[in-house]
Each structure stands twice: as structure tokens, then as C-alpha cells.
Amino acid sequence: FDPSKFNHQTAICGGYKYHYVDEGPKNGIPVVLIHGFPDLWYGWRHQIQFLVGLGRYRVIALDMLGYGESDKPRSRESSSNNTEYGHHHHPAYSIKTLASHVVTLLDQLSIERAVMVGHDWGTGIVSRIGWHFSDRVLAAIAYVYL
């Protein structure tokens with residue numbers, strides 16, 4: 001599972017750069033994978049390859065804001081604070097805002113509706129997409145393990 005073998009892309013959503021991988025046929029059923037904390041798109045590598053291998057799915061796995069190769073906005077209060085979690089107080093990290101960024105990515109990719117899959121805190125983003133942008137959701141899956 002060499003990360004360099006995946007189709008890496010970037011997009012500007014809500015003024016921020018998002019990194020994502022986009023695999024599978026462009027006309028396939030879109031599946032958006034939203035990782036939990038602390039993780040990256042790469043945490044979905046097995047699911048990406050499995051779904052793409054079925055030949056029916058277009059799989060998009062993002063590095064959510066603050067992780068991996070996506071932007072990491074910082075609030076003014078935390079700009080001098082070098083703690084690991086200080087930047088997550090920025091308003092761009094609100095769950096509704098993150099949900100709107102995912103929908104913006106769908107718009108840029110000309111995807112009308114998608115299956116949304118969330119793991120850990122990614123489930124909160126998937127639920128907000130369902131609440132605020134229900135017309136964009138083909139199905140929603142929350143994946144949490146204990």
C-alpha cells in the first residue's frame with residue numbers, strides 16, 4: 001500500500017486547501033471517506049482498494065482540515081501557542097463548516113450525491129452533512145469501534 005501509488009489531488013474548499021485521493025471510475029457510485037482523530041486519508045487504504053476493486057465505486061478519501069497535507073488554520077490566540085491541539089479552536093474547524101467544505105468538494109467534482117462514510121469524529125461530519133445537506137447524501141455510514 002504505497003501511498004504514492006494513489007491518485008492524489010487538492011482542492012480549495014471554503015478558502016482552504018484540502019488534500020484527497022480519488023480512486024476508481026469517475027462514473028462509479030461516489031463514496032466519500034471521512035477519517036477520525038488522529039488519522040489521515042491513508043487510514044482508509046484497505047477500504048479504498050477493496051471498494052475500487054469491486055469496479056462500481058469512485059472512492060474519495062480526504063485529509064480533513066488540520067491533518068496530513070490539508071491546510072492547518074490557526075486562531076490568533078493559538079498562533080503563539082505551540083501545543084499540538086491549539087489550532088483546532090479556529091472557527092474553520094466547526095463541524096458544520098467542515099461539512100460544508102465536503103459538499104464544496106462534491107460540487108467541484110460534479111458529484112450530485114454520494115455515500116458518506118465517517119470514522120470516529122468523522123461520523124459527526126457525516127451526520128452534519130445529512131442534517132444540513134441531505135439532498136447530497138445517497139447513504140450515510142458511521143463507523144466507530146471500541
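Residues numbered from 1 in each chain as written. Predicted model: local features only at pLDDT ≥ 70, side-chain atom pairs only at ≥ 80, totals over all residues. Heavy atoms only, no water.

Trainee: Hey, could you run me through the packing of helix H2 (residues 95–108) against helix H3 (residues 122–132) in this one?
Mentor: Helices that pack against each other are described as a pair by the angle of their axes relative to one another and the distance between those axes. The geometry of H2 relative to H3 is characterised by a closest axis approach of 8 Å and an angle of 75 degrees between their N-to-C directions. Overall, the two elements H2 and H3 adopt an arrangement that is roughly perpendicular. Along its contact with H2, which presents Ile95, Lys96, Leu98, Ala99, Val102 and Val103, the element H3 presents Gly124, Ile125, Arg128, Ile129 and His132. The residue makeup of the contact of H2 with H3, split by class, is seven nonpolar, two polar and two charged. (Axes fitted to C-alpha atoms, helices over the stretch in contact; angles between N-to-C directions. Helix = DSSP H or I, 4+ residues; strand = E, 2+ residues; numbered from the N terminus. Parallel < 35°, antiparallel > 145°, perpendicular 65-115°, else oblique. Contact = heavy atoms within 4.5 Å. Nonpolar A, V, L, I, M, F, W, Y, C, P; charged D, E, K, R; others polar.)

Trainee: How do you make sense of the nonpolar core when you look at a structure like this?
Mentor: Side chains of a nonpolar character, in soluble globular proteins, are inclined to be buried together. Counting residues in hydrophobic clusters, the biggest one holds 28 residues, and the most contacted among them are Leu62, Val102, Met116 and Ile129. Elements with a minimum of two residues in this core: strand S1 (8–13), strand S2 (16–23), strand S3 (29–34), strand S4 (57–63), H2, strand S5 (114–119) and H3. The dominant element in this core, judged by the number of residues it contributes, is H2, at six residues. Core analysis: the next-biggest nonpolar cluster, separate from the first, contains 13 residues, Phe6, Leu51, Tyr57 and Val115 among them. (Core = buried A, V, L, I, M, F, W, Y, C linked by side-chain atoms within 4.5 Å. Buried < 20%, exposed > 50% of the residue type's maximum accessible area, 1.4 Å probe, protein only.)

Trainee: Hey, could you run me through the confidence of the model for the protein in this one?
Mentor: In low-pLDDT regions, the fine details of the predicted coordinates are not to be read closely. The pLDDT averaged across the protein works out to 92; a share of 90% of its residues lies at or above 70. Note that residues 81–85 has pLDDT below 50 and, in this model, three contacts with residues that lie over four places away or in other chains. (pLDDT = per-residue confidence, 0-100.)

Trainee: Would you take a moment to explain the side chain of His101 for this structure?
Mentor: With respect to the helices, strands and loops of the structure, His101 is situated in helix H2. Assessed through its relative accessible area of 5%, His101 is described here as buried. In this structure His101 touches Cys13, Gly14, Tyr16, Tyr18, Leu65 and Ala92, once residues within four positions along its chain are discounted.

Trainee: Just to check I follow, could you spell out the environment of Tyr145 for this structure?
Mentor: Tracing the sequence through the fold places Tyr145 in the segment after strand S6 (137–143). What makes Tyr145 exposed here is its relative accessible area of 54%.

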